[in-house]
Amino acid sequence: MSTAKFDRAALEAMLVGLRPKLHRYAARMAGSTIEGEDIVQEAAVKALAAHDGGAAVERPEQWLFRIAHNAAQDHLRRRQRERSRVTEADMTGMEDLSASAEARLAAAASLRSFMRLTLAQRSAVILVDVLGLSLFETCEVTGATLAATKAALHRGRAELKALASAPDDMPVPRLDPEEERRLRRYIDLFNARDFDGVRALIAEDIQVDVVNRTRLRGKKEASPYFGNYDRVSDWALQLGFVDGQPAILIRNPQADNAVRGFVLLEWRGDEVVRIRDFRHAPYCVAGADIHFMND
């Protein structure tokens, strides 16, 4: 089949449509929904750059997953080393035993569990059991042979089963008192809709990233961000943790106070220099490890 150049508008639309699926893969590869979004953003930039450079692709969806896979590998290269290897010759004749029970186990596994797998095992289990790709599509994404993919899938499934029966001994995160003071001040002002007070906390060179929507730079440009919150009532903020990081949880009082998003802040002294708002990225909430702090 001949390759064809993909229209940029069509590529951008595909990136929007595939973003939750790409994030599901990247978050499980990284063991963090937050880092998963970083990987997806990097993959999107690389895909658009490749398009602008004249890249021609045969199967765009697999191509995008391949770019996300490579971005995830780059992200993890310094953090993760393969823990084990399997002999391909021993696994060449293995059947593809993808079963609904395997898929349910993989879909329900926590992000921490996936980090206990080797990189190859993680890729194979996520692509086959979580995202539903075939073995051959998985090989196309990862560049591994069919035998190596079968081996990684077999070992990864076995490891996830073992982890599922093990007790969860992860400690509840703790927050530095100074960090807690700053975050509670921000939350209290926001919940009181004192947005002039909130604006007083942000730096002149503030960066606001509304994930999956827009980026704003500088205090003047960022001002409408707070106005958008002031116009709606389907939110209330609460202190908590997302994937072990201090976070502001966005709860929806109109839907049983369910968490609908979260916000991450970066500080310079007592000034907020960066806001990352995941309100419009529900796919990030779906796989996140969320803990609440009592008020």
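You'll find the structure just up there.
Residues numbered from 1 in each chain as written. Predicted model: local features only at pLDDT ≥ 70, side-chain atom pairs only at ≥ 80, totals over all residues. Heavy atoms only, no water.

## A look at the nonpolar core
Core analysis: the biggest nonpolar cluster contains 38 residues, and Phe65 and Leu131 have the highest contact counts within it. Elements with a minimum of two residues in this core: helix H1 (8-30), helix H2 (33-52), helix H3 (60-76), helix H7 (119-130), helix H8 (135-142) and helix H9 (146-164). The biggest single contributor to this core is H1, with 8 residues. Ranked by size, the runner-up nonpolar core spans 30 residues in total, among them Leu237, Ile250, Leu265 and Ile275. (Core = buried A, V, L, I, M, F, W, Y, C linked by side-chain atoms within 4.5 Å. Buried < 20%, exposed > 50% of the residue type's maximum accessible area, 1.4 Å probe, protein only. Helix = DSSP H or I, 4+ residues; strand = E, 2+ residues; numbered from the N terminus.)

## A few points about the pairing of strand E2 (residues 214-217)
Alignment of strand E1 (residues 202-210) against E2, held across 4 bridges, turns out to be antiparallel. Paired with aspartate 209 across the strands is arginine 215, a residue of E2. Counting the residues that bridge the hairpin from E1 to E2 gives 3 residues, and of these asparagine 212 lies at a positive phi of roughly 75°. (Pairing = 2+ DSSP bridges.)

## Some points on the pattern of salt bridges
Applying the stated criterion to the full structure yields 23 salt bridges. Taking the shortest distance from any N to any O, the salt bridge between arginine 268 and aspartate 205 comes out at 3.0 Å. Of the two residues, arginine 268 is situated in strand E5 (residues 258-268) and aspartate 205 in strand E1; the sequence distance between them amounts to 63 residues. Judged by its relative accessible area of 43%, aspartate 205 falls in the partly exposed class. Residues participating in the shared-partner salt-bridge network are Asp209, Arg215, Arg217, Glu266 and Arg274. (Salt bridge = Lys/Arg side-chain N within 4 Å of Asp/Glu carboxyl O.)

## Describing the packing of H7 against H8
Relative to each other, H7 and H8 sit at 135°, their axes nearing to 10 Å. Considering their axes alone, H7 and H8 lie oblique with respect to each other. Judged by the twist between their axes, the crossing of H7 over H8 is right-handed. In this structure, H7 uses Ser123, Ala124, Leu127 and Val128 to contact H8, whose residues at the interface are Leu135, Thr138, Val141 and Thr142. Its residues placed into classes, the contact of H7 with H8 shows 5 nonpolar, 3 polar and no charged. (Axes fitted to C-alpha atoms, helices over the stretch in contact; angles between N-to-C directions. Parallel < 35°, antiparallel > 145°, perpendicular 65-115°, else oblique. Left-handed = near helix turned anticlockwise from the far one by under 90°. Contact = heavy atoms within 4.5 Å. Nonpolar A, V, L, I, M, F, W, Y, C, P; charged D, E, K, R; others polar.)

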